[in-house]
Amino acid sequence: MILNFIDLITQNKLLVVLLTMICLIFCVAIMWIIKSKKEKITSRKVATIGIFTAFSIVLYFIKFNLPFIFPSFLEINFSLLPIIIIGFMLGPIEGITLVLLRAIIKIPFTSTFCVGELADVLIGIPVVLVTSLIYLKKHNKQGAGLSLIFGMLTWIIAAILTNIFVNVPFFIQLYCDGNVSSFVGILSIIPGINEENYLFNYICYAVFPFNFLLSFVVSIVTFLVYKKVSYLFNKFNNKIEK
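Residues numbered from 1 in each chain as written. Predicted model: local features only at pLDDT ≥ 70, side-chain atom pairs only at ≥ 80, totals over all residues. Heavy atoms only, no water.

Notes on unusual backbone geometry
Applied cut-off: The way it works is that DSSP assigns letters per residue, a run of H or I at least four long becomes a helix, a run of E at least two long becomes a strand, and they are numbered from the N terminus.
Even without being a glycine, D177 presents a positive backbone phi close to 55 degrees. Checked against the element boundaries, D177 lands in the loop between α7 (141-175) and α8 (180-186).

A few points about the packing of aromatic side chains
Within a pair of aromatic rings, the relevant descriptors are the distance that separates the centres and the angle that separates the planes. What counts here: Side-chain rings of Phe, Tyr and Trp, where Trp is taken by its six-membered ring, are said to pair if the distance between their centres is within 6.5 Å; with planes under 30 degrees apart they count as stacked, over 60 as edge-to-face, and otherwise as tilted. The buried label applies to any residue whose accessible area, calculated with a 1.4 Å probe on protein chains only, is under 20% of its type's maximum; exposed applies above 50%, and partly exposed to all values in between.
All told, the structure shown has 14 aromatic pairs when counted by the stated rule. Their ring planes at 75 degrees and their centres at 5.9 Å tell us that F183 and Y202 sit as a pair that is edge-to-face. Placement of F183 in helix α8 and of Y202 in helix α9 (residues 198-241) is noted, with a sequence separation of 19 residues between them. An identical accessibility class is assigned to F183 and Y202; each is buried. By way of ring pairs, the aromatic residues F73, F171, F183, Y198 and Y202 are connected into one cluster.

A word on the environment of L148
What counts, and what does not: Here a residue-residue contact requires only that any non-hydrogen atoms of the pair lie within 4.5 Å.
Inspection of the secondary structure assignment puts L148 in helix α7. The exposure class assigned to L148 is buried, which follows from its relative accessible area of 4%. With 70 residues separating them in the primary sequence, L148 and V218 have C-alpha atoms 9.1 Å apart. If we skip the residues at most four places from it in the chain, L148 touches I84, F88, T131, S219, T222 and F223.

Observations concerning the side chain of R102
Quick note on the threshold: Here the positive residues are Lys and Arg and the negative ones are Asp and Glu; neither His nor the chain ends is included. Each reported salt bridge corresponds to a side-chain nitrogen of Lys or Arg within 4 Å of a carboxyl oxygen of Asp or Glu.
Of note, R102 is situated in helix α5 (residues 92-106). One buried charged residue, R102, forms no salt bridge at all, with the nearest opposite charge on D120 at 4.8 Å. The residues contacting R102, other than those within four sequence positions of it, are S56, I57, S79, L80, I83 and D120.

Concerning the packing of helix α6 (residues 115-137) against α7
Spelled out, the test is: Axis lines are fitted to C-alpha atoms, over the contacting stretch for helices. Their N-to-C directions set the angle, which ranges from 0 to 180 degrees. For classification purposes, an angle smaller than 35 degrees is called roughly parallel, one larger than 145 roughly antiparallel, one from 65 to 115 roughly perpendicular, and anything else oblique. The handedness criterion is simple: a crossing whose near helix is rotated anticlockwise from the far helix by less than a right angle is left-handed, and one whose near helix is rotated clockwise is right-handed. Amino acid classes used here: Ala, Val, Leu, Ile, Met, Phe, Trp, Tyr, Cys and Pro are nonpolar; Asp, Glu, Lys and Arg are charged; the rest, including Gly, are polar.
Interaxial distance between α6 and α7 falls to 8 Å at its minimum, and their mutual angle equals 165 degrees. It follows from the interaxial angle that α6 and α7 lie roughly antiparallel. Crossing hand, α6 versus α7: right-handed. For the contact of α6 with α7, the residue count by class is 19 nonpolar, seven polar and no charged.

A word on α5
How we decide: Take the residue count of a helix, subtract one, and multiply by 1.5 Å to get its expected span.
Taking 1.5 Å per residue as the helical rise, α5 with its 15 residues ought to reach 21 Å, and the 21 Å between its terminal C-alpha atoms agrees with that figure. Within α5, 12 of the 15 residues are buried, which leaves it mostly tucked inside the rest of the structure. Residues of α5 that are buried include every one of P92, I93, E94, G95, I96, T97, L98, V99, L100, R102, A103 and K106, and no others.

Considerations on the nonpolar core
What counts here: Think of a nonpolar core as a cluster: buried Ala, Val, Leu, Ile, Met, Phe, Trp, Tyr and Cys residues, connected wherever their side-chain atoms sit within 4.5 Å.
Grouped together as the largest cluster of nonpolar side chains are 48 residues, with contacts concentrated most on I84, F88, W155, F183, Y198 and Y202. Secondary structure elements with two or more residues in this core: α3 (43-61), α4 (81-90), α5, α6, α7, α8 and α9. Broken down by element, this core gets its largest block of residues, 10 residues, from α9. Those residues within four positions of W155 in sequence are excluded, and the remaining contacts are L80, I123, V127, N211, L214, S215 and V218.

Observations regarding the environment of I193
Position of I193 among the secondary structure elements: in the loop between α8 and α9. Sequence separation between I193 and Y205 is 12 residues, and the spatial gap between their C-alpha atoms is 9.9 Å. Other than its neighbours up to four places away in sequence, I193 contacts V184, L187, Y198, N201 and Y202.

What about the pattern of salt bridges?
Enumeration according to the criterion identifies two salt bridges in this entry. A salt bridge links K63 to E75; the shortest N-O distance between them is 3.6 Å. Of the two residues, K63 sits in the loop between α3 and β1 (64-65) while E75 sits in strand β2 (residues 75-76), which places them 12 residues apart along the sequence. The partner of K106 in a salt bridge is D120, with the nearest N and O atoms 2.1 Å apart. With K106 in helix α5 and D120 in helix α6, this pair connects stretches of sequence that are 14 residues apart. For K106, a relative accessible area of 2% translates into the label buried. By relative accessible area, D120 is classed as partly exposed at 24%.

What about the environment of F210?
As for its placement among the helices and strands, F210 is situated in helix α9. With relative accessibility at 6%, the residue F210 sits in the buried group. Leaving out residues up to four positions away in the same chain, F210 has contacts with F70, L74, E75 and I76.

The structure is reproduced here in structure tokens:
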């Protein structure tokens, strides 16, 4: 059923993905307008967002895979790390803005008809929302730890759902010509996988452990550095303002 639905929309796949992106950008723009009426948007904040966006893009291109553990197309990158930190520093709207900016800047380099960028958005937005909102309510180390734990859970759930409804169906259509057996062949590293259980096994033996590992590393690093990064940026911005 999912594959039949995807088969219909892949005829206009790029249009569908771009329209989704535009809708998300429009929603964030509305949130920025509402926020700007409540508080002043400073050049300092804009500059901070720009710096962290650049940092996120650099981290995106520093990526690698673990072909002896996971399917080779699953690539590890830490581009969500600065986005979570900016959510801690400035709030959820700024964090979501970075998620969208990262996706937009990546579009010219896409090799997945923007499907990968859409998946990044569908995972990134709920993660940064959960982490920044919890930290906003409990603004201390305990709150940071709690937010990152719930952020990990959100990350894994969002990744599983995105793979079931977006990544896998599109991958089969785009790269395997709709042939499930070809996709199963790519996943041969997963033990006991076949055309009947491929989705379940792929989620259990690849998507879940891969995203658990990635979200755990990002969460640990974030917890260790977010205070120092925030302090350095505040100190730097204060010097500029003087």
